[in-house]
Amino acid sequence: MAGRMGWASSMVGRTLEGQYRIDGILGEGAMGVVFRGVNLSMDKAVAIKMMRKETFDTPDAVERFKREARVWSQLNHPAITQVFDFGIQDGMPFLVMELLRGATLRTRVLEGGPVAIGRAVKLALQVLDALDATHDAGIVHRDIKPDNVFVEDTALGGERVKLLD
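The present account deals with the structure reproduced in this document. (Residues numbered from 1 in each chain as written. Predicted model: local features only at pLDDT ≥ 70, side-chain atom pairs only at ≥ 80, totals over all residues. Heavy atoms only, no water.)

1. Concerning helix α4 (residues 117–136)
Phase 1: Helix length check: α4 (20 residues) gives 28 Å between terminal C-alpha atoms against 28 Å at 1.5 Å per residue, within 8%.
Phase 2: Residues of α4 that are buried include every one of Leu123, Val127, Ala130, Leu131, Ala133 and Thr134, and no others. The buried residues of α4 all sit within an arc of 160 degrees when viewed along its axis, so they share a single face. For α4, exposure combined with an orientation more than 90 degrees from the buried face picks out Ile117, Lys122, Leu125, Leu128 and Asp136.
Phase 3: The inward-facing, buried residues of α4 contact α2 (59–74), α3 (105–112), β8 (149–153) and β9 (159–163).
Phase 4: Just downstream of α4 lies Gly138, where phi reads positive at about 85 degrees. (Helix = DSSP H or I, 4+ residues; strand = E, 2+ residues; numbered from the N terminus. Expected span 1.5 Å × (residues − 1). Buried < 20%, exposed > 50% of the residue type's maximum accessible area, 1.4 Å probe, protein only. Arc of directions from axis to C-beta. Contact = heavy atoms within 4.5 Å.)

2. Section: the pattern of salt bridges
Phase 1: What the rule picks out here adds up to nine salt bridges.
Phase 2: The partner of Asp147 in a salt bridge is Arg106, and the shortest N-O contact between them spans 3.3 Å. Here the residue Asp147 occupies a position in the loop between α4 and β8, and Arg106 occupies one in helix α3, the gap between them amounting to 41 residues.
Phase 3: Taking the relative accessible area as the measure of exposure, Arg106 reaches 42% and is therefore partly exposed.
Phase 4: In this structure, Glu152 and Arg160 form a salt bridge, with 3.2 Å as the shortest nitrogen-oxygen distance.
Phase 5: On the basis of relative accessibility, which here comes to 8%, the residue Glu152 falls in the buried class.
Phase 6: You can call Arg160 partly exposed: its relative accessible area is 34%. (Salt bridge = Lys/Arg side-chain N within 4 Å of Asp/Glu carboxyl O.)

Functional significance is not addressed by these values, which are geometric in nature.
Structure, rendered in structure tokens:
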């Protein structure tokens, strides 16, 4: 594990495809690391999900990931994380996505305790709406869990769900 995070730490400060600078680590998942970054041409904060080379070691796996990224990027739904770009750096595929501000549902529950029923229903309806949109596009999520439901606070004091992964 230390070697894996050492790799992620070594990515901080690097620029991908001359366009995306990696500024820090946001989190680590089973297949890769999510970084905080900047789209240099737009001066816009983004999230960059970089997959580890060993998780995509066949050309077929990279092509499949690229196809999925392309389909995901065409989804336009307020509860689905926007994907802006796809690339490969040093043999490792990466996605450039909108940078979210908030926390996963898992983190919110761990920090705030049980979710009141009315709030749970509001959040669940947003998740279901996002899943309906993905299913309409022929995508099956296959990993719905509190870690993959991100909760953002809105300017009006509400909460907006963003489906991850």
